[in-house]
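Topology and contacts: notes
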Amino acid sequence: ARARRIADARIRAPIVERARPRDVAMRCGETTAREATSRAGDGAAGTRGDEDGFVRDAGVGCHIALDVARANHSSWLLGAEVVDPDEYSDDAEFPDVALDADGRGDAPRLSATNVDVSDAVKVAYITVYDVKCYGKGNKSLAQGVTIDNDGRRSTVTTFVCLVPPRSMAHLCFLRLEGRDVRDVRIDSDFRAWSMHPKPNDTHSQSVGFPLRGERFLCTQNEGGELTHFFSGNLHAVDFRCPEGTPVLAVGDGEVIEVCDENTLTGIAVSNLFKWNSIVLKLDACSTPETPLRNASAECATTTEADVSTYDVRGGDLFVEYVHIRAKSAKVKVGDRVQRGQVICESGSVGFSPEPHLHFTAFRSGADTADTVRVLFEARDTGATYLPRAGSYYTDSVGKCA
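In this text the structure is predicted, and so the values were computed from the model without any measurement. (Residues numbered from 1 in each chain as written. Predicted model: local features only at pLDDT ≥ 70, side-chain atom pairs only at ≥ 80, totals over all residues. Heavy atoms only, no water.)

1. Notes on the overall build of the protein
- The number of helices and strands found in the protein is 2 helices and 27 strands.
- Scored against the burial criterion, the 401 residues of the protein give a buried share of 55%.
- Here the contacts in the protein between residues at least 6 apart in sequence split such that 77% fall between residues at least 24 apart.
- As displayed, the protein offers around 16,100 Å² of accessible surface, 47% of which is attributable to carbon and sulfur atoms. (Helix = DSSP H or I, 4+ residues; strand = E, 2+ residues; numbered from the N terminus. Buried < 20%, exposed > 50% of the residue type's maximum accessible area, 1.4 Å probe, protein only. Contact = heavy atoms within 4.5 Å. Areas by Shrake-Rupley, 256 points an atom, 1.4 Å probe, with all protein chains shown as cover.)

Right under this line is the structure:
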């Protein structure tokens, strides 16, 4: 899933042999990411993780910790500690991402630190290249792959963390096997976490299903813990699909943006800032919309009680299809499209652990626009639904067995 709404990307080189901070007890009563998000969780790539809004085997090589203050509950996170800058000398440095090689020989420790005095929770995406990483209990952490636009392939491990203020998260040990620590490539993006200002914002206009085929697994629903937990992606939905699957216009409208030039793929953090996509501006419906008509709690990520809290409004509606196959666009900017028309083919371009379609909606076409929830409408029944990770969906009936 993309990070178009995360501005000013900064890919930092590793900082090596940082002085080790003095240990202090972890005060879990302080502000934590769990308290801030209410969607906290922890997981290494594995099997289904529907409670986290994300199917784990759809993110091989990605390791997620959205509540580092509860590191003792993590299956892989080494630990966490409070860091108070006032307890250190004025010239003490606290890099966002650091390797502590002091006395650790061939296994330096990788950590992420947030000493922000503004109480801002920080989100960190960190990728380690071509080195095995080991977590709690000397557990080997699964690796994934990444391929850049020039075709260069690397084996990588990517960490996704929310780090509370004045805290340090110890992510893993690196197994160098004789390599110089200064030769290890580590890319990162570390910035204030942006909460969605209106998480219940729901558009009154429902949309068709974006893929043609038998059935498709939803691998990440809104609020999913891999890439859907911040404002620019909160209401996005991911569907697993083979590369080349026909991608459909979900409504009548106009093509606003087309990009199908990139070929990079995989889980490197740098892939968050390049992708292929198509954006449509959908026509306003001429009849009043009733998106919650027949809405099924079984097909949604929320309960019926939660549905009653939706802030439903009309207005402009833009939809975006991300990770599309290179050179597959069948439309150009300014073209008119009709619901069900094939506009491109699915792919795996950008930050993409596996081939899938990332679909999301906005109220404007601005790069800084926050997402808006849209419900899908089954073609045969007209029932509306909100996809949930771990369930299969089709154009004709919505959720299926």
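On we go from here.
2. Concerning the environment of Val 163
- Note on placement: Val 163 falls in strand E9 (residues 153-163).
- The class for Val 163 is buried, based on a relative accessible area of 0%.
- Separated by 50 residues in sequence, Val 163 and Thr 113 have C-alpha atoms that sit 7.2 Å apart.
- Every residue in contact with Val 163, bar those within four places of it in the chain, is listed here: Val 68, Ala 112, Asn 114, Ala 120, Val 121, Lys 122 and Phe 190.

3. Regarding the pattern of salt bridges
- The tally for this structure, following the rule as stated, stands at 24 salt bridges.
- Residue Glu 345 pairs with Arg 325 through a salt bridge whose shortest N-O separation is 3.2 Å. Placement of Glu 345 in strand E22 (residues 342-345) and of Arg 325 in the loop between strand E20 (318-322) and strand E21 (336-337) is noted, with a sequence separation of 20 residues between them.
- Its relative accessible area of 22% is what places Glu 345 among the partly exposed residues.
- Arg 325 sits in the partly exposed class, given a relative accessible area of 34%.
- Arg 379 is the salt-bridge partner of Asp 380, the closest N and O atoms lying 3.5 Å from each other.
- Classification of Arg 379 by relative accessible area gives exposed; the value is 53%.
- One connected set of salt bridges, linked through shared partners, spans Asp 201, Asp 311, Arg 313 and Arg 363. (Salt bridge = Lys/Arg side-chain N within 4 Å of Asp/Glu carboxyl O.)

4. A closer look at the side chain of Gln 220
- For Gln 220, the location among the structural elements is in strand E13 (residues 216-220).
- Residues in contact with Gln 220, not counting those within four places in the same chain, are Gly 53, Phe 54, Glu 225, Leu 226, Thr 227, His 228, Ala 236, Val 237, Asp 238 and Ala 389.

5. So, the state of the cysteines
- Overall, the coordinates contain 0 disulfides when judged by the stated rule.
- Free cysteine Cys 344: the closest other cysteine sulfur is in Cys 241, separated by 9.8 Å. (Disulfide = S-S within 2.5 Å.)

6. Focus on the pairing of E20
- Burial within E20 is extensive, with 5 of its 5 residues counted as buried.
- Residues of E20 alternate between two faces, with Phe 318, Glu 320 and Val 322 on one and Val 319 and Tyr 321 on the opposite face, all of them buried.
- Two elements, strand E18 (residues 277-282) and E20, share 5 bridges in a ladder whose sense is antiparallel. Each bridged residue has a counterpart across the sheet, and for Val 279 the counterpart in E20 is Glu 320.
- As paired elements, E20 and strand E23 (residues 356-362) share 5 bridges and run antiparallel to each other. Each residue of the ladder has a partner; that of Val 319, found in E23, is Ala 361. (Pairing = 2+ DSSP bridges.)

7. Points about unusual backbone geometry
- The phi dihedral of Asp 130 falls on the positive side, at around 55 degrees, and the residue is not glycine.
- Mapped onto the elements, Asp 130 comes out in the loop between strand E6 (122-129) and strand E7 (132-134).
- Within the chain, His 323 stands out as a residue other than glycine whose phi angle is a positive 80 degrees.
- Residue His 323 is classed as buried on the basis of its relative accessible area of 0%.

8. Considerations on the packing of aromatic side chains
- Counted according to the given criterion, the structure contains 13 aromatic pairs.
- An aromatic cluster is present here, built from Phe 209, Phe 216, Phe 239, Tyr 321, Phe 359, Phe 376, Tyr 385 and Tyr 393 joined pairwise through their rings.
- The ring of Tyr 134 carries the charged tip of Arg 175 above its face, separated from the ring centre by 4.0 Å.
- Its end group placed over the ring of Tyr 392, Arg 215 keeps NZ or CZ at 3.9 Å from the ring centre. (Phe/Tyr/Trp six-rings, centres within 6.5 Å; stacked < 30°, edge-to-face > 60°. Lys NZ or Arg CZ within 6 Å of the ring centre and 35° of its normal.)

9. Some words on the sheet that holds strand E16 (residues 253-259)
- Read across the sheet, 9 strands follow the order E21-E16-E18-E20-E23-E14-E13-E26-E27 without closing on themselves; strand pairing throughout is antiparallel. On the outer flanks of this sheet lie E21 and strand E27 (398-400), each paired with one strand and no other.
- As judged from the 4 bridges shared by strand E14 (residues 237-240) and E23, these two strands associate in the antiparallel manner. Bridge assignment links Asp 238 to a residue of E23, and that residue is His 358.

10. Some thoughts on the confidence of the model for the protein
- Summing up the model confidence of the protein, the mean pLDDT is 84 and the portion of residues at 70 or higher is 81%.
- In the model, residues 293-305 has pLDDT below 50 throughout and makes 28 contacts with residues more than four positions away in sequence or in other chains. (pLDDT = per-residue confidence, 0-100.)

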